[in-house]
Amino acid sequence: MITNRPAFLRLAALSLAAFSFSTLPFADGQTAADDSVHINQIQVIGSHNSYHAGIAPSEVKLMQEKNPRLYQGLEYRHQPLDQQFDAGVRQIELDVYADSQGGRFADPLGPKGVAQAGLPADPPFDPNGVMKKPGFKVMHVQDFDYRSTCQPFTACLEVVRTWSHAHPNHVPVYILVETKQSDLPPQYHAATAEKFTAATFDALDAEIRSVFPANELITPDDVRGNHATLEEAILNNGWPTLDAARGKVVFLMDQRPVGPVYLEGHPSLRGRVIFTNAKPGEPDAAFIEENDGSKEEIAALVRKGYLIRTRTDSDTKEARTNSTTQRDSAIASGAQLLSTDYPASEPASWTGYSVSLPDGVVARCNPVNAPASCKNASLVK
């Protein structure tokens, strides 16, 4: 929750000309720049598949024997969410599977394969039976890459909220939600994914609102205000200022194809919690993923007012070779959310590859669109 500024004593007796805005009293962690810098005018580091606990040892051995190239792309793991925040991450990604009846993913194939191969049993992945209960679950791939540092979805959100309350003046935390509904090839005999409908998305919104009250969220309705569409708002500097956004969270949709389903009955995202990954020109366009866009293409979108997420690396390729080309281009592009498998606190073991902002700051003034009043030192955390 954002701390209100203290009231100014004897305000009526003071002349406006006497004010020096650089010396006005602000709550701890806030500065005068908070009033002039909007949340799309800063840049932060995000983690990709932030919940990813990695694959258990015996299952790793099986995967390396059967499909070593597949395992290479999965060879990363993250610290618990709150530890990532402590280390400076301000955007996370949670992959969610619908499980309206409960139990759909409670008996994965991984442990069965380990037993059949005569390998040592891995630690139980669900000792408390959470997977048997209804509700959205967090994992990468059903049956094969299913271990998470938090489970279920609401438990992950509770970790975020607890950390947020302990750091009430943080720049907004962005939560990218990827809705997983793909099935594996039939020969695997894996669990089938529940498909997302408008009702499924109603349930997803409800789970988010069960953890975060309205005053801790930045929603499409908040940003749209009195504008006819969400896009009209953000093209006219409609994103909240840091003053209004500190201590809050923002939910973003990863995949573009599910946008129309999420929009059913909610034109321009009215009443919804999550910002869709939309195309420029559409009424709901405010957030755009540009994982493959060039530096120039991303910068052009940033200048218009869109919030952009891009990836600095993928599938461990850059981390294995210490290639920094994509990373450096992404940082220079002005994309506000820079997603990596290797934030500075979790460097790649092969090469030391990692991603951080210049000078190791948690947030910095956006190199493309920040106003002159923005100073990195004033962003704090």
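Looking up the chain in an unreviewed UniProt entry gives the name Calcium-dependent phosphoinositide phospholipase C, with the organism given as Silvibacterium bohemicum.

Enquirer: Give a detailed account of unusual backbone geometry, specifying residues and quantitative values.
Expert: In this structure, the amide linkage connecting Gln 151 to the following residue, Pro 152, adopts the cis form with an omega of 0 degrees. Mapped onto the fold, Pro 152 is located in the loop between strand 3 (137–138) and helix 5 (153–166). Although it is not a glycine, Thr 316 adopts a positive phi angle of roughly 65 degrees. Following the sequence through the fold, Thr 316 ends up in the loop between strand 9 (307–311) and helix 12 (317–321). Relative accessible area serves as the criterion here: at 3%, Thr 316 is assigned to the buried category. Look at Asn 322: it is not a glycine, yet its phi comes out positive at around 60 degrees. Along the polypeptide, Asn 322 turns up in the loop between helix 12 and helix 13 (325–333).

Enquirer: Go over the side chain of Asp 284 with me, naming the residues and quoting the values.
Expert: Within the secondary structure layout, Asp 284 lies in the loop between strand 7 (274–275) and strand 8 (287–289). No salt bridge is formed by the buried Asp 284. Its closest oppositely charged neighbour is Arg 256, at 8.0 Å.

Enquirer: Before we move on, can you summarise helix 1 (residues 57–66) with the specific residues and values?
Expert: Of all the residues in helix 1, the buried ones are Ser 58, Glu 59, Val 60, Leu 62 and Met 63. Looking at the buried side of helix 1, the elements it contacts are helix 2 (68–73) and helix 4 (109–116).

Enquirer: Describe the packing of helix 5 against helix 6 (residues 198–211), and please don't skip the residues or the numbers.
Expert: Where helix 5 meets helix 6, the closest approach of the two axes is 9 Å, and the angle between their N-to-C directions is 35 degrees. As helix 5 packs across helix 6, the resulting crossing turns out to be right-handed. In this structure, helix 5 contributes Phe 153, Thr 154, Leu 157, Glu 158 and Arg 161 to the contact, and helix 6 contributes Leu 204, Glu 207, Ile 208, Ser 210 and Val 211. Class assignment of the residues belonging to the contact of helix 5 with helix 6 gives a composition of 5 nonpolar, 2 polar and 3 charged.

Enquirer: Give me the lowdown on the nonpolar core, citing residues and values where you can.
Expert: Generally speaking, soluble globular proteins have nonpolar side chains that are buried together. Counting 79 residues, the largest nonpolar core has Leu 94, Phe 153 and Phe 251 as the members making the most contacts within it. Once you skip the residues sitting within four places of it in the chain, Leu 94 turns out to touch Tyr 51, Leu 81, Val 138, Phe 153, Cys 156, Leu 157, Ile 175, Leu 176, Val 177 and Glu 178. Counting residues in each nonpolar core, the second largest holds 7 residues, with Phe 105, Met 131, Ala 191 and Ala 193 among its members.

Enquirer: Can you break down the environment of Ala 319 residue by residue, with the values?
Expert: In this fold, Ala 319 is placed in helix 12. Residue Ala 319 is classed as buried on the basis of its relative accessible area of 0%. Spatially, the C-alpha atoms of Ala 319 and Asp 341 are 8.7 Å apart, while their sequence positions differ by 22 residues. In contact with Ala 319, other than residues within four places in its own chain, are Tyr 342, Ala 348, Trp 350, Thr 351 and Tyr 353.

Enquirer: Hey, could you go over the pattern of salt bridges for me, with residue numbers and the actual values?
Expert: According to the stated counting rule, one finds 16 salt bridges in the structure shown. With its nearest N and O atoms 2.8 Å apart, the salt bridge here joins Arg 224 to Asp 221. Placement of the pair is Arg 224 and Asp 221 together in helix 7 (residues 220–224), with a separation of 3 residues, close to one helical turn. The buried category is assigned to Arg 224, whose relative accessible area is 4%. A single network of salt bridges, built from pairs that share partners, joins Glu 93, Glu 289 and Arg 309.

Enquirer: Give a detailed account of the state of the cysteines, specifying residues and quantitative values.
Expert: One pass over the full model with this rule turns up 2 disulfides. What pairs with Cys 150 in a disulfide is Cys 156, and their sulfur atoms sit 2.0 Å apart. Since a negative S-S torsion denotes a left-handed disulfide, the Cys 150-Cys 156 link at about 100 degrees is right-handed. In this structure, Cys 150 and Cys 156 share a single accessibility class: buried. Sulfur-sulfur distance for the disulfide between Cys 365 and Cys 374 comes to 2.1 Å. With the S-S bond torsion at -95 degrees, the cross-link from Cys 365 to Cys 374 turns out left-handed. Judged by its relative accessible area of 13%, Cys 365 falls in the buried class. Once the disulfide-bonded cysteines of the chain are ranked by sequence position, their pairing pattern turns out to be 1-2, 3-4.

Enquirer: Lay out helix 11 (residues 295–304) with the relevant residues and their values.
Expert: Inspection of helix 11 places Ile 298, Ala 299, Leu 301 and Val 302 among the buried residues, and these make up the whole buried set. Angular distribution of buried residues about the axis of helix 11 spans 160 degrees; they occupy a single face of the element. Exposed positions of helix 11 whose direction lies more than 90 degrees from the buried face are Glu 296, Arg 303 and Lys 304. On its buried side, helix 11 packs onto strand 8, strand 9 and helix 13.

Enquirer: Go over the packing of helix 11 against helix 13 with me, naming the residues and quoting the values.
Expert: Contact geometry for helix 11 and helix 13: axes closest at 8 Å, N-to-C directions at 20 degrees. Comparing the axis directions of helix 11 and helix 13 gives the class roughly parallel. As for the relative orientation of helix 11 and helix 13, their crossing is right-handed in sense. In contact with Lys 295, Ile 298, Ala 299 and Val 302 of helix 11, helix 13 contributes Ser 329, Ala 332 and Ser 333. For the contact of helix 11 with helix 13, the per-class residue count stands at 4 nonpolar, 2 polar and 1 charged.

Enquirer: Go over the side chain of Thr 200 with me, naming the residues and quoting the values.
Expert: Structurally, the position occupied by Thr 200 is in helix 6. We classify Thr 200 as buried; its relative accessible area is 9%. With sequence-adjacent residues up to four places away left out, Thr 200 is seen in contact with Ala 98, Phe 136 and Lys 195.

Conventions we followed
Residues numbered from 1 in each chain as written. Predicted model: local features only at pLDDT ≥ 70, side-chain atom pairs only at ≥ 80, totals over all residues. Heavy atoms only, no water. Helix = DSSP H or I, 4+ residues; strand = E, 2+ residues; numbered from the N terminus. Buried < 20%, exposed > 50% of the residue type's maximum accessible area, 1.4 Å probe, protein only. Lys, Arg positive; Asp, Glu negative; His and termini not counted. Salt bridge = Lys/Arg side-chain N within 4 Å of Asp/Glu carboxyl O. Contact = heavy atoms within 4.5 Å. Axes fitted to C-alpha atoms, helices over the stretch in contact; angles between N-to-C directions. Left-handed = near helix turned anticlockwise from the far one by under 90°. Nonpolar A, V, L, I, M, F, W, Y, C, P; charged D, E, K, R; others polar. Core = buried A, V, L, I, M, F, W, Y, C linked by side-chain atoms within 4.5 Å. Disulfide = S-S within 2.5 Å. Arc of directions from axis to C-beta. Parallel < 35°, antiparallel > 145°, perpendicular 65-115°, else oblique.

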